[in-house]
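Each chain, written out:
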Amino acid sequence: MGLAKMVITPTEAIRAAVLQRFELAPDQVVAVPLAARPMFHPVEADTDIPYFLFVGTLEGRKNVRGLVDAWRELYARHGVELWLAGRVRHDYDPPAETPGLRYLGSVDDSELPELYSGAVAFVYPSHYEGFGLPVLEAMQCGCPVVTSFDPAISEVAAGAALQASAADTEALRDAMESLLLSQERRAQYRAAGLARAAAFQWSETARRTREVYAAACERP
């Protein structure tokens, strides 16, 4: 890291962590946010089944087991399913299959807009993220989001998602249930998410990245 002229991070939260961990000058580390691709937008979903959605690698830091534990009671009460989209990491033992829990495996990106658009909510209770791109993808598809208080995710969501502690199963369950039972609340977070997602553009990411490259070239 000592040889780096400049370092790009996806969030200010990770920028702060890099500055704390490595001996770099503040002007050497620049936060450049990512963005969701234009293909992520609201579409008609071909299903009448109510479901919560998770998209991401199934691994410990994503808190998939905590999500499943929070969801089980909701399935018993309301019959709402939980769909998990993403590959299982080789060193992770996923929760056992159970009625209402669907493992979709690795899903092609072209299928994700419909999955996001059809969900009651996208739930992403991760313990740690560098950015949390699926949160932005879901928002851009008009899907209400329930997520954790991870600093990077909080920075990306900026109040447009319903948040609960990743370690608090009951709080996560209550947040999910509040969206399930209230069409008005879902509409509120749908609108907030769409507005927040509009603030992120790949053209801006590219422009700011180019500026960092230029600054690196000027350093001795």
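This text follows the structure it describes.
Peer 1: Which residues make up helix α4 (residues 133-140), and what values go with them?
Peer 2: Counting buried positions along α4 yields 7 of 8 residues, so the element is predominantly enclosed. Of the residues making up α4, those classed as buried are Pro134, Val135, Leu136, Glu137, Ala138, Met139 and Gln140. Downstream of α4 by one or two residues, Gly142 has phi in the positive range, about 80°.

Peer 1: Outline the pattern of salt bridges, supporting the account with residue identities and numerical values.
Peer 2: For the coordinates displayed, the defined rule picks out 17 salt bridges. Linking Glu59 and Arg89 is a salt bridge whose minimum nitrogen-to-oxygen distance equals 3.3 Å. Placement of the pair is Glu59 in the loop between β3 (51-55) and α2 (64-78) and Arg89 in the loop between β4 (81-85) and β5 (101-105), with a sequence separation of 30 residues. For Arg89, a relative accessible area of 31% translates into the label partly exposed. Put simply, Asp69 and Arg72 hold a salt bridge, and the shortest N to O gap is 3.9 Å. Pair noted here: Asp69 and Arg72 are both in helix α2, with a separation of 3 residues, about one helical turn.

Peer 1: Could you give an account of a negative patch on the surface, with specific residues and numbers?
Peer 2: There is a patch of like negative charges on the surface, built from Asp46, Asp48, Asp108, Glu111 and Glu114. Mapped onto the elements, Asp48 comes out in the loop between β2 (29-31) and β3.

Peer 1: Describe the packing of aromatic side chains, with residues and values.
Peer 2: With the rule as written, the count across this model stands at 7 aromatic pairs. Ring plane angle 20° and centroid distance 5.7 Å describe the contact between Phe54 and Tyr124, whose orientation is recorded as stacked. In this pair, Phe54 sits in strand β3 while Tyr124 sits in strand β6 (residues 121-124), placing the two residues 70 residues apart along the sequence. Both residues of the pair, Phe54 and Tyr124, count as buried. With 6.1 Å between their ring centres and 85° between their planes, Phe131 and Phe200 make a pair best called edge-to-face. Highlighted residues: Phe131 in the loop between β6 and α4 and Phe200 in the loop between α7 (183-197) and α8 (202-218), separated in sequence by 69 residues. A relative accessible area of 5% means that Phe131 is categorised as buried. Each residue in the set Phe40, Phe54, Tyr116, Phe122 and Tyr124 is aromatic and connected to the rest through ring pairs, giving one cluster.

Thresholds applied
Residues numbered from 1 in each chain as written. Predicted model: local features only at pLDDT ≥ 70, side-chain atom pairs only at ≥ 80, totals over all residues. Heavy atoms only, no water. Buried < 20%, exposed > 50% of the residue type's maximum accessible area, 1.4 Å probe, protein only. Helix = DSSP H or I, 4+ residues; strand = E, 2+ residues; numbered from the N terminus. Salt bridge = Lys/Arg side-chain N within 4 Å of Asp/Glu carboxyl O. Patch = residues over 30% accessible without salt bridge, like charges linked within 9 Å, V, L, I, M, F, W, Y side chains within 5 Å. Areas by Shrake-Rupley, 256 points an atom, 1.4 Å probe, with all protein chains shown as cover. Lys, Arg positive; Asp, Glu negative; His and termini not counted. Charge placed at Lys NZ, Arg CZ, Asp CG, Glu CD. Phe/Tyr/Trp six-rings, centres within 6.5 Å; stacked < 30°, edge-to-face > 60°.

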